[in-house]
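Next come the chains, spelled out residue by residue.
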Amino acid sequence: MTAPQTAVCETPSLEVSRCAHCAQPLVSDAFAPFCCRGCRAVNGILRKAGLTRYYDLRRGPGLPPADIDSRRIDHKWLELIEEERTADRGVTRLELDIQGIHCAACVWLIEELFRRHGGPRAGMMSINPALGRIDLRISPEFALSDWVSAVEDLGYLLGPARARGARASDDLLLRVGICAALAANVMLFAAAMYLGLREGPIYEILNDLSYAAGVLAVLIGGSVFIGSAARAVRQRTLHLDVPIALGIVLAFAGSTWSFFFASGEAVYVDTLTVFIALMLVGRWLQQRMLERNRLQLLADDGTQGLLTREVKDGVVRIVHCIAVRKGDQLLVAPGDLVPVDLQLLGEVASCSLDWIDGESRPRRFEDGATVPAGAFNVGERAFSGVAATDFAGSSLIGLLGRDPATRGDGPLTTDWWSRLSRYYVVGVITLAALAIGFWWLRSDEPLRAIEVGTAVLVVTCPCAFGIAAPLAYELVLTQLRRSGIFVRVGDFLDRVRSMTRIVFDKTGTLTTGTLEVVDVAPLRALSEDQTTVLYNMVARSAHPKSVAVRRALEGHRAARFAELEVREHTGYGVSAEHRGVHYKLGAPSWAAPAAVGDAGDVVFSANDRRIAAVETDEQLRPGARHEIETLEERGYELAILSGDAQPRVTTLGASLGMSADACIGAQSPEQKAAYVRENDPARTLLVGDGLNDRVAMREAACSGTPAVNRPFMASRCDFYFVSPGLHPVAQVLRAAETLAQVVRRILAFAIAYNLVAVSIAMAGWMKPWVAAVLMPLSSLLTLAYTVMMLSGKRLRWRS
């Protein structure tokens, strides 16, 4: 197979149409002037509620919110809090995590909603957008549940505060501050010495203080890299921290030798302290953006945070899923997740299995049937059943897996960086040894030879790319974040460059994951009275097909809310009586038994007489076909891997211009994993949205998801995106390639600089003040080049 081609950065010559809500570029005209249904819905809510100041406060583009109808929100945690508030009538203090907050306008919006729900009279609220954390102090009069619903209607998600632990970037920032202060003072001392202060008590004090500051810098800042390098050596791997640590140790050893056994001067300690401070800045930049992207999501503690409803002695109580045992009776409310295989008790259930097999259409389960773990209750009524296994034996545990977020944190750890580190370490030691040997033989002065060797070690410290490379990653991650793409794993942008194969899930990835009415003409042909009845029937049902019909009716002048008694018939549809007419909406064989012919999968009837029939199906993501064609043109091998039925997968693949051989359906999670394992997993990027993709993602080298509105998935992938189209996949590939080009040029400059600096040092011409000037000067040059090359305009890529 040929290697994927690199796309050329394009700067659009025409003004790009942008969404009227989030200001992101439009990828389709389907919801114009909005980019997606979520933006259209939230914009409508803001205008209706008089909250349009949000747009005045927001600076720059925002992020599109998740489609409200497609979200699955578990509020059992809120029920527990409300129970506690009812029992304790005093002031309650709560800490909540929030997902989706990204600017001052978001903070104002949430505070304004708090004020409108009586917050100032009934409590206090503070928001920490950096942590995604809300602190509440509320009285019993505050309508907490109503406020939570209002916030989540605007696309945010709230949840109980999870224990996140100390942030690595906070520790690094403290070390940066201390080491920067030490470096600044040492540079002031060194300036006085370079300008002529060479003797006397003040000189001795400043010299001693400089060495002491160097010791502190090594202990406080250098220990970060020395410890990381030591762990790498023990694990027999090399990364960029190894040459950095080597430079710190050898330069400090040379300064110590000179201070105690040679001239008594703490030579090169100014260069050493500045170097440590700059390296810490680079590491902090790298860590900070990854943490910001992870904090954008609600904290995920895996199975520990899952809740369910247990029925015991006739009382329903909310318990942690890990406490569920075989034989326990569970109650599954509408929208709830089934945590274990559950045998139904005298009920009929309508469940979605899209997490398990990728099929978006709900399934009917009869009394006594087993509902598998991972199913969602999409019916209007709760059902109960008996747990067939302990939660420890639930398939959910294997599907959830482990969060890989910290796998690539810290230094750059790919094979390429390991090879570079190996060559660098060997080269530096060899050059230093040659310099010492040459000058020892030439001058017969061991101290002079050690001074030259120390100079070689100091000037070859990898400062030029030790800070410029992390800055390059920071700039790319920032630009991707502004486009709605969030990278969670540190080494992802290095790994994804080697991908030659991209495997897509079908439901929720290539498609929107929600059903849509294919042709709305039959609905438009209804009378206004029939339209009003139908709208009120579907408005009271959460079934995916009802939601599809409701969306198709939105905008019709007769689609207005009215009082209507609607009954749900699980697995069949909904019915209502209006002015003596019995209306039904649902399965054709139930709604209009006498009708003949294949007219669709949803029928609307009056007194069992069909008056409208429509077909519902999943819709492709905006611009999906064009993005697939673009990826194929760039040389990537594409495939669809789905748990949905083979004919449906083949049909969808054909609509995208993909061959039937590349469309594999009817795959279980284990079969998906086997397929990836047998087809070059080291070069495979898997993009999926369901837990049925999680097992296969562990086999693939890289993974991504658009499923930010579902629990667990986004927190278990290398990257996630919130844009409505598929363009983030191509965009992240392009950004990784651009980053690689810039990093290679930075390394080329570093090599050229080292050749010059080492030549000067080996010739014996290197002076401490020259090293103190060259090292920061080279760093500033590479930083300026990095910023210039990775500005927003140069990173812009349009499909």
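Coordinates for the structure precede this section.
The text that follows walks through the structure, step by step, so that each part is easy to find. (Residues numbered from 1 in each chain as written. Predicted model: local features only at pLDDT ≥ 70, side-chain atom pairs only at ≥ 80, totals over all residues. Heavy atoms only, no water.)

The tally for this structure, following the rule as stated, stands at 14 aromatic pairs. Ring geometry for phenylalanine 142 versus tryptophan 147: centroids 6.3 Å apart, planes at 55 degrees, classification tilted. Classification of tryptophan 147 by relative accessible area gives buried; the value is 0%. Here the guanidinium or amino end of arginine 442 rests over the ring plane of tryptophan 439, the centre of that ring lying 5.0 Å away. Lying over the aromatic face of tryptophan 590, lysine 584 brings its terminal NZ or CZ to 4.9 Å of the ring centre. (Phe/Tyr/Trp six-rings, centres within 6.5 Å; stacked < 30°, edge-to-face > 60°. Buried < 20%, exposed > 50% of the residue type's maximum accessible area, 1.4 Å probe, protein only. Lys NZ or Arg CZ within 6 Å of the ring centre and 35° of its normal.)

A few words on empty space enclosed by the protein. Applying the stated criterion across every chain, the model contains 6 cavities of 30 Å³ or more. Its volume calculated, the second largest cavity comes out at about 100 Å³. Along the walls of the second largest cavity sit 13 residues, with Ala190, Met193, Tyr194, Glu265 and Ala266 positioned nearest its centre. Looking at the lining of the second largest cavity, the elements that each hand over two or more residues are α7 (168-194), α8 (201-234) and α10 (269-295). (1 Å grid on protein atoms, 1.4 Å probe; cavity = no way out; pocket = protein on both sides within 12 Å on 5 of 7 lines; lining within 4 Å. Points joined across faces, edges and corners; volume = space filled by probe spheres on them. Helix = DSSP H or I, 4+ residues; strand = E, 2+ residues; numbered from the N terminus.)

With that settled, the discussion passes to the environment of alanine 232. Inspection of the secondary structure puts alanine 232 in helix α8. Separated by 10 residues in the primary sequence, alanine 232 and valine 242 have C-alpha atoms spaced 7.7 Å apart.

Right, let's talk about the pattern of salt bridges for a bit. Enumeration over the complete set of coordinates arrives at 32 salt bridges. The partner of arginine 85 in a salt bridge is glutamate 82, and the shortest N-O contact between them spans 3.1 Å. Here arginine 85 pairs with glutamate 82, and both are found in helix α3 (residues 76-87), just 3 residues apart, close to one helical turn. Assessed through its relative accessible area of 6%, arginine 85 is described here as buried. One salt bridge connects glutamate 699 with arginine 677, and the closest N-O pair in it is separated by 3.0 Å. Remark: arginine 677 occurs in helix α24 (residues 669-677) and glutamate 699 occurs in helix α25 (residues 694-699); sequence separation between them is 22 residues. Here glutamate 699 falls in the partly exposed class, since its relative accessible area comes to 29%. By sharing partners, the salt bridges in this structure join Lys506, Asp617, Glu618, Asp644 and Arg648 into a single network. (Salt bridge = Lys/Arg side-chain N within 4 Å of Asp/Glu carboxyl O.)

Quick look at unusual backbone geometry now. The phi dihedral of aspartate 313 is positive, around 55 degrees, even though this residue is not glycine. You can see aspartate 313 is positioned in the loop between β5 (307-312) and β6 (315-320). A positive phi is found at alanine 666, a non-glycine position, where the angle reads about 55 degrees. Secondary-structure assignment places alanine 666 in the loop between β24 (663-664) and α24.

For strand β20 (residues 602-606), the buried fraction is high: 5 of the 5 residues fall into the buried class. Across the two faces of β20 the burial is the same, with Val602, Phe604 and Ala606 and Val603 and Ser605 all buried. Pairing geometry for β20 and strand β21 (residues 609-614), over 5 bridges, is antiparallel. By the bridge assignment, alanine 606 is partnered in β21 with arginine 609. Between the antiparallel neighbours β20 and β21 lie 2 residues, among them asparagine 607 with a positive phi of about 55 degrees. (Pairing = 2+ DSSP bridges.)

Here we come to the sheet that holds strand β19 (residues 581-586). Taken together, 5 strands build an open sheet; the order of strands is β17-β18-β19-β20-β21 and the sheet is antiparallel. What marks the edges here is a single partner per strand, and that holds for β17 (566-569) and β21. Adjacent strand axes in the sheet meet at a mean angle of 20 degrees, parallel and antiparallel pairs treated alike. When β19 meets β20, the two strands line up antiparallel, connected through 4 bridges. Opposite glycine 586, over in β20, you have valine 603 as the bridge partner. Each of β17, β18 (573-578), β19, β20 and β21 is contacted by helix α19 (residues 528-539), which is oriented at about 55 degrees to β19, the strand it contacts most. (Axes fitted to C-alpha atoms, helices over the stretch in contact; angles between N-to-C directions. Contact = heavy atoms within 4.5 Å.)

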